[in-house]
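In case you want the letters, here they are:
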Amino acid sequence: MNTIFRKSMLSVAGIAFAGGVFAGPIAAHANPVDAKPVAAAVHTAASKPQGAQSHITLNDEQTANVKAIIAATKKAGLPERAAVISIATSLQESKLENLGHLGDANDHDSQGLFQQRPSSGWGTPEQITDPEYSTTAFLKGLRQVDGWQDMPLTKAAQTVQVSAYPDAYAQWEQQAADLVGQYWNS
């Protein structure tokens, strides 16, 4: 492969990556598209859990965070599927723990249930460590993903989060669906 062509392709890939990193979180704070809640099953035909599933035992704080995510989802007028995607994302990002800044152990300035970054436009540290705010910010981004209701969970989550490990969300889908099933009507 000639050097100029290879460098050009690497430049295009870098610009595409940077655009996703910066536009994803910022787009999450734009005016949301009018989303009308629809009756939807927790799992759709396109969203059966993919691959090996992980499971953790939750403590009281993690369970409270599940309930906060569900409450914010209901308040946003979104269906159970949105809560499943949100909880699975939080399971991957923080194990449902509302993490503050962890210094050198942290991924840049990522904080909260969704490991959102103030430097990427998600909000202030105080905002993104508030479960209702951080969930609402995530859901605003999710609403902007065309067809999120019917796409695989990992694709919907990745479109909002722009993670270095896009397939990692899938492993939490069954536990997230079970938690939504358990707490949605309580």
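Residues numbered from 1 in each chain as written. Predicted model: local features only at pLDDT ≥ 70, side-chain atom pairs only at ≥ 80, totals over all residues. Heavy atoms only, no water.

Draft legend 1. Local environment of the overall build of the protein chain. Within the protein chain, the regular secondary structure consists of seven helices and zero strands. When the helices and strands of the protein chain are placed in sequence order, the string is α-α-α-α-α-α-α. Residue burial in the protein chain is summarised as follows: out of 186 residues, 41% are buried. Residue pairs in contact within the protein chain that sit at least 24 positions apart in sequence constitute 65% of those at least 6 positions apart. Accessible area of the protein chain: about 9500 Å², with a carbon and sulfur share of 56%. (Helix = DSSP H or I, 4+ residues; strand = E, 2+ residues; numbered from the N terminus. Buried < 20%, exposed > 50% of the residue type's maximum accessible area, 1.4 Å probe, protein only. Contact = heavy atoms within 4.5 Å. Areas by Shrake-Rupley, 256 points an atom, 1.4 Å probe, with all protein chains shown as cover.)

Draft legend 2. Quick peek at helix 6 (residues 153-161). The element helix 6 is extensively covered by neighbouring structure, given that seven of its nine residues are classed as buried. Within the sequence span of helix 6, burial applies to Leu-153, Thr-154, Ala-156, Ala-157, Gln-158, Val-160 and Gln-161. Directly beyond the C-terminal end of helix 6, a positive phi value near 55° is found at Val-162.

Draft legend 3. Local environment of the nonpolar core. Core analysis: the largest hydrophobic core is formed by 36 residues, its most contacted members being Ile-70, Ile-85, Ile-87, Leu-142 and Trp-148. Elements that contribute at least two residues to this core include exactly helix 2 (60-75), helix 3 (80-94), helix 5 (131-143), helix 6 and helix 7 (173-183). Ranked by the residues each element gives to this core, the list is headed by helix 3, at seven residues. Beyond its immediate sequence surroundings of up to four residues, Ile-70 is in contact with Ala-83, Ile-87, Leu-179, Val-180, Tyr-183 and Trp-184. (Core = buried A, V, L, I, M, F, W, Y, C linked by side-chain atoms within 4.5 Å.)

Draft legend 4. Expanded view of the packing of helix 2 against helix 5. At a closest axis distance of 9 Å, the pairing of helix 2 and helix 5 adopts a crossing angle of 50°. Regarding the angle of helix 2 to helix 5, the classification is oblique. Once helix 2 is placed against helix 5, the crossing between them reads as right-handed. Residues Asn-65, Ala-68, Ile-69, Ala-72, Thr-73 and Lys-75 of helix 2 form the contact with helix 5, whose own contacting residues are Pro-131, Glu-132, Thr-135, Thr-136 and Leu-139. Across the contact of helix 2 with helix 5, the residue classes break down as five nonpolar, four polar and two charged. (Axes fitted to C-alpha atoms, helices over the stretch in contact; angles between N-to-C directions. Parallel < 35°, antiparallel > 145°, perpendicular 65-115°, else oblique. Left-handed = near helix turned anticlockwise from the far one by under 90°. Nonpolar A, V, L, I, M, F, W, Y, C, P; charged D, E, K, R; others polar.)

Draft legend 5. Representation of the packing of helix 3 against helix 7. Contact geometry of helix 3 with helix 7 gives a least axis separation of 8 Å together with a crossing angle of 130°. The orientation of helix 3 with respect to helix 7, classified from their angle, is oblique. The interaxial crossing formed by helix 3 with helix 7 has right-handed handedness. On the side of helix 3, the interface is formed by Glu-80, Arg-81, Ala-83, Val-84, Ile-87, Ala-88 and Leu-91, while helix 7 contributes Glu-173, Gln-175, Ala-176, Ala-177, Leu-179 and Val-180. Looking at the contact of helix 3 with helix 7, its residues break down into nine nonpolar, one polar and three charged.

Draft legend 6. Seen up close, helix 7. Burial in helix 7 covers these residues: Glu-173, Gln-175, Ala-176, Ala-177, Leu-179, Val-180 and Tyr-183. Elements in contact with the buried residues of helix 7: helix 2, helix 3 and helix 6.

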